[in-house]
Each structure stands twice: as C-alpha cells, then as structure tokens.
Amino acid sequence: QVQLVESGGGLVQPGESLRLSCAASGSILSIDVMGWYRQAPGKQRELVAVITRRGPINYADSAKGRFTISRDNAKNMVYLQMNSLKPEDTAVYYCNAVIQSGSINRYWGQGTQVTVSS
C-alpha cells in the first residue's frame, strides 16, 4: 500500500527552474531518510540529494549550489528545488524513501521526466 508519487517535471530552457515534489502515502508508520536520484538515457542512476528528518546531508557535486532538497514531515512530502538548470540535468528523477510499514523498506517512485533544452 505504500507508494511514492513524483510530480513537477517538465521541459524547460537552460537557466530556468523547476520544483519537484514527492508524496508518500499508504500504511506509513514513519519515514527515515528521503532522497532524489536521477537517471539519464544510457547512464546509471545517480544520487542527487539526501535529507534526513533533521535536514539535508548530501548533494551531488553537480547539484550543490543549484539544487535544494527539503521535506515536510507532517505531510510525508519531499521536494527538490532546481535552479539554473543545465542540459546535463536532463534525466528521469526518482524519489526514494526508507519507510517503516510493518517492516522497514526502501521505496521508489515511478519517476518524473526533466528535460532541459533550448
């Protein structure tokens, strides 16, 4: 019953911004770490940002200074504000979270496409 659903992706031009959202729902007892990953065509999935219940703990070097991860614990939401987007940011962005629901498991969303192109 637990699921993660991303939203906010789209097509933007270089230098523009997007804000991704991820909502966790279902039989959730608690959520530990949450994060964002991305996967470009023909490439491996890579970490973008990670956040604990207390705050961000990690950003990819390519994202640092441009992206900001945040979360709303009361709403079971995690966000990724992406500024100054570059063509190399083009990828499918996936939400993930470690969630306690009977047992503790890692969950993934289906992904949202972000395309940065002029």
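Everything that follows concerns the structure shown earlier in this document.
The structure presented is a predicted model; accordingly, all values stated were derived computationally and were not measured.

Visitor: Which parts of the structure should I look at to understand the state of the cysteines?
Guide: Disulfides are covalent bonds that link the sulfur atoms of two cysteine residues. All chains considered together, the criterion is met by one disulfide. Between the sulfur of Cys22 and that of Cys95 lies a disulfide, 2.1 Å long from S to S. Handedness of the Cys22-Cys95 disulfide follows from its S-S torsion of about -80 degrees: it is left-handed. A residue pair is termed long-range when its members are at least 10 positions apart, and Cys22 in strand E3 (residues 18-25) and Cys95 in strand E9 (residues 91-101) qualify at 73 residues. Like Cys22, the residue Cys95 is buried in the burial classification.

Visitor: Honestly, the packing of aromatic side chains in this entry has me stumped. Any pointers?
Guide: In total, this model carries one aromatic pair according to the counting rule given. Between Tyr37 and Trp108, the ring centres sit 5.0 Å apart and the planes meet at 65 degrees, which makes this aromatic pair edge-to-face. With Tyr37 in strand E4 (residues 30-39) and Trp108 in strand E10 (residues 103-108), this pair connects stretches of sequence that are 71 residues apart. Overall, the relative accessible area of 32% leaves Trp108 in the partly exposed class. Above the ring of Tyr79, the side-chain terminus of Arg19 is found at 4.1 Å from the ring centroid. Positioned over the ring face of Trp108 is Arg45, at 4.6 Å from the centre of the ring.

What counts and what doesn't
- Residues numbered from 1 in each chain as written.
- Predicted model: local features only at pLDDT ≥ 70, side-chain atom pairs only at ≥ 80, totals over all residues.
- Heavy atoms only, no water.
- Disulfide = S-S within 2.5 Å.
- Helix = DSSP H or I, 4+ residues; strand = E, 2+ residues; numbered from the N terminus.
- Buried < 20%, exposed > 50% of the residue type's maximum accessible area, 1.4 Å probe, protein only.
- Phe/Tyr/Trp six-rings, centres within 6.5 Å; stacked < 30°, edge-to-face > 60°.
- Lys NZ or Arg CZ within 6 Å of the ring centre and 35° of its normal.

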